[in-house]
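Structural overview
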Amino acid sequence: MGRGETTMYPSNDLTSINNGSTPRGEDHTKHSKRKQTILTLLDVLNELRDGELADASINQQQQRSFEDDRDVPTVDEHLQKVGADAFNKFQRRILNLDRELRNFANAARQLGSSVGILSSSFHLRERLTQILFLFRENAADLFPRKIVREGREQLVNPNYRHLKRNKRRRAPPHVVNPTVMDTLEAEDLPQQLEFFARDVTTFLECLNEFPEFTDESLNASILSLKGDLKYWASCLKAYEGQFKYPAVQRYVHDLSTEMGEHLDSITSSLSMFIEIGVPTIRFAQKHAAANLLNLSTVATFFSAVTATTMQFSFDQTGNPLADSVNGFWFTSLVFSIGAAVNSLLGLTWKQAMYRSPGHRVPWWVLIWIKRSPLVFLVLSVACFSMGLVLFAYSSHQHQITSTVTTVFSACSCFGLAAVSTWFASERWIFNRHKGKKWLADALSDTKVKLYSIPGIAWFFTQPKAAVNKLVYWGHRQSQDASDFFSDIGKKTMVIIRSVKSNLSDASDSQRSDTGSPVPQCFSPEPLSPATARTGDALLPISEVDSITQSPSVDGLDEKTVASDSGSTAGPSSQPSLAARRRWANAVKSVSVMLRSTSAATGPFNGPSSPRRQRTMSSDGTRITTNGKPLVTLPGMIKLSRVAALVPKLKSLETTQDLAAHQALVRHLQFSPNGKFLATSSWDRTSVIFKVGDPFTCHRVLAHPQGFVGQVACGTTLLTKLGRSVKLWTDDGVCKRTIERRTAIQSIAWLPAGEAFLSVEGENVTKLDLNGNVVDVYHFEKMIIHDVAVTQDCQRMLCVGSLIASAEGLQPSKSRAEKQIIAYNLERKDIENRVPVLHDVRDITLARNDLVALVSYENKAPPQLWKLDFVKVLKDNVNKETRETARLSLRHTYMPKVQVDFAGPSYFGGKNDELILCAGKAGDIHIWDRESGALLHHIRAQTLGGDLTCIAWNHAHDSFMFATGSHDGAVRIWTAPDAPSIDEPYPSRGPTNPTNTPARTPSPFDVEYRTDSPATQLGGDSQDDHNQSSLQVDRADSSGSRRTVVFS
């Protein structure tokens, strides 16, 4: 600011200040000087401020990144909030893990050998602090309105606030908080991720040094995080020097979500380890300490016993037997004292938190600490027992006393030696087989090997076989004897029973001779109240009542006669009458059962009763009178452009419904001149429609094998199959089939139309129209999905997925990195690459080559990327420069609700001013390209099926686009009053002259073309046409399907 602009500060006029003690003239002179001094200082300050602003602007221009000034963090409030929420969630996850690590450290202090786990947990907490600081700085750059930076002084020195308030205040000596390195910058992120992977590995190793408990879930979580951290670090090394660019910052921000899932898994597993693992380890260590303490107690007690017993023999010397007794007892005393001392030493070592882990201690130290107490105690007991036996003989005890002492001491020593050998063998087997075999299994294997030796096998098997034969012979003899006596008993019982029966028959015949009254049939039990037995049939109650309704005087029915055996018999017509009654009663029973069943499922609970169902509107949005949803336009769009676009978009409606295919429509595209529409489907056909009012089917292209995945309209029509590309003429004749060895991802025409690109895994192959390979562009460790070429054929934009990082690493759990690449076709090198995490699949260039539209799979919205050209130094010595392409994000087109997008997005409008995208549910979104505002949303309820693809007709005078669906239909969307292109085009197929927007003819009304040129060149004759037989489904004008057979 110059001196002439000092009049802008009227408040600096100090002439009104009056001291009161100075004469007026002198006072005026002093005030004038003071005023002049202050104004001069203000001018100097203004000049300094202007100079600093100018220097800052110059520095900003010099340090400007390759993404120009328009690629800045988004200012959209919704995106700011979403990004801030994602970072805050990541921060909470890191803080939760830090809290669990603190809890784990506090709980692990009670464990022995815990110094390693304490140190590793603290280093891990320090690394989490560094990672959180870097991600916070990154989020603060992307979302400055929502994320606040933390002062580096406070993070480097946690007591900075307390020192600033009170310099005498000091942090407690036992409180140690992680700090941030003062030299930490964004470029250090790959290195910090590698350090993070190293720290979590160290923590896991220290955790596994506790053999008492192993948590497989925690191990799996940590190993998964370790693999992903190394993969991310390796991928991020390719973007060295670009960590301040927004594109890389967005990728780093997306990594926070992937990393947060790992942190949540580790936090939950660590919490369970604190609750279960630490008490288990503590219990095991206490149990081991208790064992050592018990050994020490027993050894101490046994040493006292040995010392007391030695008082009876220490003065007996000069005799070999007495000297042997003293030798054994003195040895027992030494071993018992050693066992007690070693037990206390092992107890102290196990409870020490600073002791080394087992695998870091020499083997002889471990053996001495762990095994010596028990071994010494066993040797002490054995020596004492042998000395006691010798003492019994040396002291001239009775023969019985000496013998009993010898026998029982031998048994005790033998059992002690056997058990000790068993324990030692179990330990040896465990160390050799790592727990895969038990000692019994090893003994069984040894036994099998011994039996394989002929001599030893005979020695073990023959005596055992002889014993088995002897036992079998004895068992057989006893069985024969028991069978003999049982047969005798059975025969005796038969004789006794026959004698008794003869006696009873004689008495019965004697009674019959004397006479008896009329026999009656007595039932052993009363009749059932529900049924009664007549003969062998079970009759219902009604039949029983009818039979027993008129009894006679003697208790029998009038038509029945009692026989001498107690049964009843009727006349000859009685069986037929009973059978009829049973049949009638059975019919009645069935009818009664049916009536009861129908009554049980009555009009209120039966299946035939109508059910009340709630009815509701399928769309909760407000609809206008013409059936279109209300759309609120953002205020950021200029009213002039809105007035030109919005009315046309609102008037869009389905004007034609084409029954194009019998299966899912995979892809569709308008020709560059806008006269034709080509579609492909999984029904192995591709259809060419002629644009008009109505659309007419021009040709149907049949493919005998494989699904038609893509069509590409250029100088001629290309159709992509699995491993081949077919070239078709305008008349539907297959000119050539180009076979490829690998699967083809996509195809794209070059702008001039002299060749096309075939995307085949890691390679992009340039092919001419004869199928010859012109050039091959290789991308190391990448799978390319789609490409687009600029109009000058100098650069190619690619989207693909990384197979592995530069170091050959692959992700363990997270998503693989995807990239958007700017490739120079002349130099065959990558000029710029942008990392993304979403599954990118398609890329489309605008006709001015300035912007590219990238489409993702699933629910990721489309993005608009700007293609900038900057000059970089080619040679530092000669100062030569070259032009390089750079990609920068311009817009992310967000829908109002989450949408699962279908197929690639498209530019729309005459000047590509619109962005068009379809959802799998059937809704269509149209955005303004420049502002990113959603102009129109066609809801799914207005469509007839789920959408699979969408395409815009750029050459049409008005708005026109087409959509494909799962049911094979292709729908044309235009404004009702939009003019149509109706230019003559030679066609051999019939057309439908009627103009019916509701229904257009099926493509199967025309000639059906195959990919064989030999059969198609003579296709005009009726004879050749009659030789082909084809049966297809077509829909008539009423909407119903009918089968048409061409023969």
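Residues numbered from 1 in each chain as written. Predicted model: local features only at pLDDT ≥ 70, side-chain atom pairs only at ≥ 80, totals over all residues. Heavy atoms only, no water.

If you check an unreviewed UniProt entry, the chain appears there as WD40 repeat-like protein from Somion occarium.

In terms of helices and strands, the chain carries 19 helices and 35 strands. Across the 1047 residues in the chain, those meeting the buried criterion constitute 39%. Taking the contacts inside the chain whose residues are at least 6 apart along the sequence as the reference set, 58% of them involve residues at least 24 apart. (Helix = DSSP H or I, 4+ residues; strand = E, 2+ residues; numbered from the N terminus. Buried < 20%, exposed > 50% of the residue type's maximum accessible area, 1.4 Å probe, protein only. Contact = heavy atoms within 4.5 Å.)

Within strand 15 (residues 755-760), six of the six residues are buried, leaving the element largely enclosed by the surrounding structure. The alternating pattern of strand 15 places Ala755, Leu757 and Val759 and Phe756, Ser758 and Glu760 on opposite faces, both of which are buried. Bridge analysis of strand 14 (residues 746-749) against strand 15 gives four bridges, and the strand direction is antiparallel. The partner of Ala748 across the bridge, within strand 15, is Leu757. Linkage of strand 14 to strand 15, two consecutive antiparallel strands, is achieved through a turn of five residues, within which Gly753 is found at a positive phi near 80°. Sheet analysis places strand 15 next to strand 16 (residues 763-768), joined by six bridges and oriented antiparallel. In the sheet register, Ala755 faces strand 16, and the bridge partner there is Asp768. Taking the residues between adjacent antiparallel strands as the criterion, strand 15 and strand 16 are bridged by two residues, where Gly761 takes a positive phi near 70°. (Pairing = 2+ DSSP bridges.)

What follows concerns the pattern of salt bridges. The tally for this structure, following the rule as stated, stands at 26 salt bridges. Among the salt bridges present, the one from Arg125 reaches Asp98, with a minimum N-O distance of 2.8 Å. Separated by 27 residues along the polypeptide, Arg125 in helix 3 (residues 115-142) and Asp98 in helix 2 (residues 77-108) bring together distant segments of the chain. As far as the burial class goes, Arg125 and Asp98 line up, both buried. Within the structure, one salt-bridge network assembled from shared partners comprises Glu137, Asp141, Arg149 and Lys244. (Salt bridge = Lys/Arg side-chain N within 4 Å of Asp/Glu carboxyl O.)

Under the counting rule described, the total for this entry stands at one cavity of 30 Å³ or more. With three residues, the top contributor of residues to the lining of the largest cavity is helix 6 (residues 189-208). Among the residues making up the lining of the largest cavity, the classes are represented as ten nonpolar, no polar and no charged. (1 Å grid on protein atoms, 1.4 Å probe; cavity = no way out; pocket = protein on both sides within 12 Å on 5 of 7 lines; lining within 4 Å. Points joined across faces, edges and corners; volume = space filled by probe spheres on them. Nonpolar A, V, L, I, M, F, W, Y, C, P; charged D, E, K, R; others polar.)

Let us look at the sheet that holds strand 14. Read from one edge of the open sheet, four strands run 14-15-16-17, paired in antiparallel fashion. Single-partner strands in this sheet number two, and they are strand 14 and strand 17 (773-778). Averaged over all pairs of adjacent strands, the angle between their axes in this sheet comes to 20°, without regard to strand direction. (Axes fitted to C-alpha atoms, helices over the stretch in contact; angles between N-to-C directions.)

Sequence positions flagged by UniProt for "transmembrane region" (unreviewed entry) are, in local numbering, residues 292-314, 326-347 and 374-394. In residues 292-314, the share of helix is 78% and the share of strand is 0%. The end C-alpha atoms are 31 Å apart. (UniProt positions renumbered as here; feature names shortened; annotations may be inferred.)

For the rest of this paragraph, the subject is the nonpolar core. If you look at the biggest cluster of nonpolar residues, it comprises 80 residues, and the most contacted ones within it are Phe104, Phe196, Met259, Phe779 and Met796. Ignoring anything within four residues of it in the chain, the contact list for Met796 reads Leu757, Val764, Tyr777, Phe779, Val787, Ala788, Val789, Ile821, Ala822, Tyr823 and Leu825. The next biggest cluster of nonpolar side chains, apart from the first, holds 35 residues, and it includes Leu649, Leu916, Ile950 and Phe959. (Core = buried A, V, L, I, M, F, W, Y, C linked by side-chain atoms within 4.5 Å.)

Within this numbering scheme, the UniProt entry marks residues 658-691 as carrying the feature "repeat: WD" (unreviewed entry). Segment residues 658-691 splits into 0% helix and 59% strand. End C-alpha atoms: 12 Å apart.

On to the side chain of Ser234. Turning to its location among the elements, Ser234 is positioned in helix 7 (residues 216-236). At 2.9 Å, the side chain of Ser234 and the side chain of Ser805 are in polar contact. Not counting chain neighbours up to four residues away, the residues in contact with Ser234 comprise Ser805, Ala806, Glu807 and Leu809. (Polar contact = N/O pair within 3.5 Å; in protein donor to acceptor, adjacent residues only side chain to side chain.)

A few words now on the packing of aromatic side chains. Per the stated rule, a full pass over the model turns up 18 aromatic pairs. With 5.5 Å between their ring centres and 65° between their planes, Phe213 and Phe273 make a pair best called edge-to-face. A residue pair is termed long-range when its members are at least 10 positions apart, and Phe213 in the loop between helix 6 and helix 7 and Phe273 in helix 8 (residues 246-309) qualify at 60 residues. In terms of burial, Phe213 and Phe273 fall into one category: buried. Members of the aromatic cluster, each reached through a chain of ring pairs, are Phe104, Phe203, Phe213 and Phe273. Here the guanidinium or amino end of Lys648 rests over the ring plane of Phe959, the centre of that ring lying 5.6 Å away. (Phe/Tyr/Trp six-rings, centres within 6.5 Å; stacked < 30°, edge-to-face > 60°. Lys NZ or Arg CZ within 6 Å of the ring centre and 35° of its normal.)

Reading across from one edge, 5-32-31-30 is the order of the four strands in this open sheet, with antiparallel pairing throughout. Strands at the two margins of the open sheet, each flanked by one partner only, are strand 5 (653-659) and strand 30 (947-952). Direction aside, neighbouring strands of the sheet carry axes that sit 20° apart on average. Sheet topology note: the strand 30/strand 31 (residues 960-965) ladder contains five bridges and is antiparallel. Note that in strand 31 the partner of Trp952 across the bridge is Phe961.

Attention shifts here to the confidence of the model for the chain. With 70% of its residues at a pLDDT of at least 70, the chain reaches an overall mean of 76. Under a pLDDT of 50 for its full length, residues 1-25 has, in the predicted model, 27 contacts with residues more than four places off or in other chains. Confidence drops under pLDDT 50 across residues 514-575; counting only partners more than four residues distant or on other chains, this segment forms 44 contacts. (pLDDT = per-residue confidence, 0-100.)

The next thing to look at is the packing of helix 9 (residues 320-351) against helix 11 (residues 372-394). Here helix 9 crosses helix 11 at 160°, and the two axes come no closer than 7 Å. Taken together, the axis directions place helix 9 and helix 11 in an arrangement best described as roughly antiparallel. For the pair helix 9 and helix 11, the crossing hand works out as left-handed. Looking at the contact of helix 9 with helix 11, its residues break down into 18 nonpolar, eleven polar and no charged. (Parallel < 35°, antiparallel > 145°, perpendicular 65-115°, else oblique. Left-handed = near helix turned anticlockwise from the far one by under 90°.)

It is worth spelling out helix 3 at this point. Owing to its 3.6 residues per turn, the α-helix aligns residues three or four sequence positions apart on the same side. Taking 1.5 Å of rise per residue, the 28 residues of helix 3 would be expected to cover 40 Å, and the 41 Å separating its terminal C-alpha atoms lies within 8% of that figure. Among the 28 residues that make up helix 3, 22 are buried, leaving the element largely enclosed by the rest of the structure. (Expected span 1.5 Å × (residues − 1).)

Judged by side-chain polarity, Ile400, Val404, Val407 and Phe408 come together as a nonpolar surface patch covering roughly 390 Å² of accessible area. Mapped onto the fold, Ile400 is located in helix 12 (residues 399-433). (Patch = residues over 30% accessible without salt bridge, like charges linked within 9 Å, V, L, I, M, F, W, Y side chains within 5 Å. Areas by Shrake-Rupley, 256 points an atom, 1.4 Å probe, with all protein chains shown as cover.)

On to the packing of helix 6 against helix 7. Relative orientation of the contacting elements helix 6 and helix 7 amounts to 160°, with a least axis distance of 8 Å. Classified by the angle between their axes, helix 6 and helix 7 sit roughly antiparallel to one another. Relative to helix 7, the crossing made by helix 6 is left-handed. In this structure, helix 6 uses Leu189, Pro190, Leu193, Glu194, Phe196, Ala197, Val200, Thr201, Phe203, Leu204, Leu207 and Asn208 to contact helix 7, whose residues at the interface are Leu218, Asn219, Ile222, Leu223, Leu225, Lys226, Leu229, Lys230, Trp232, Ala233 and Leu236. Here the residues of the contact of helix 6 with helix 7 are counted per class, giving 17 nonpolar, three polar and three charged.

Okay, unusual backbone geometry next. Across residues other than glycine, the phi torsion is negative in most instances, and most of the peptide bonds are trans. Cis geometry marks the peptide bond from Asp693 to Pro694, where omega comes out at 10°. Within the chain, Lys828 stands out as a residue other than glycine whose phi angle is a positive 55°. Residues other than glycine seldom take positive phi values, yet Asp912 does so here, at roughly 55°. Here Asp912 shows up in the loop between strand 26 (901-908) and strand 27 (914-919).

On to the environment of Ser905. Here Ser905 is to be found in strand 26. When the C-alpha atoms of Ser905 and Val854 are compared, they prove to be 7.5 Å apart, with 51 residues separating the residues in sequence. Ignoring any residue separated from it by four or fewer positions in sequence, one finds Ser905 in contact with Thr844, Leu853, Ser855, Pro862, Leu916 and Cys917.

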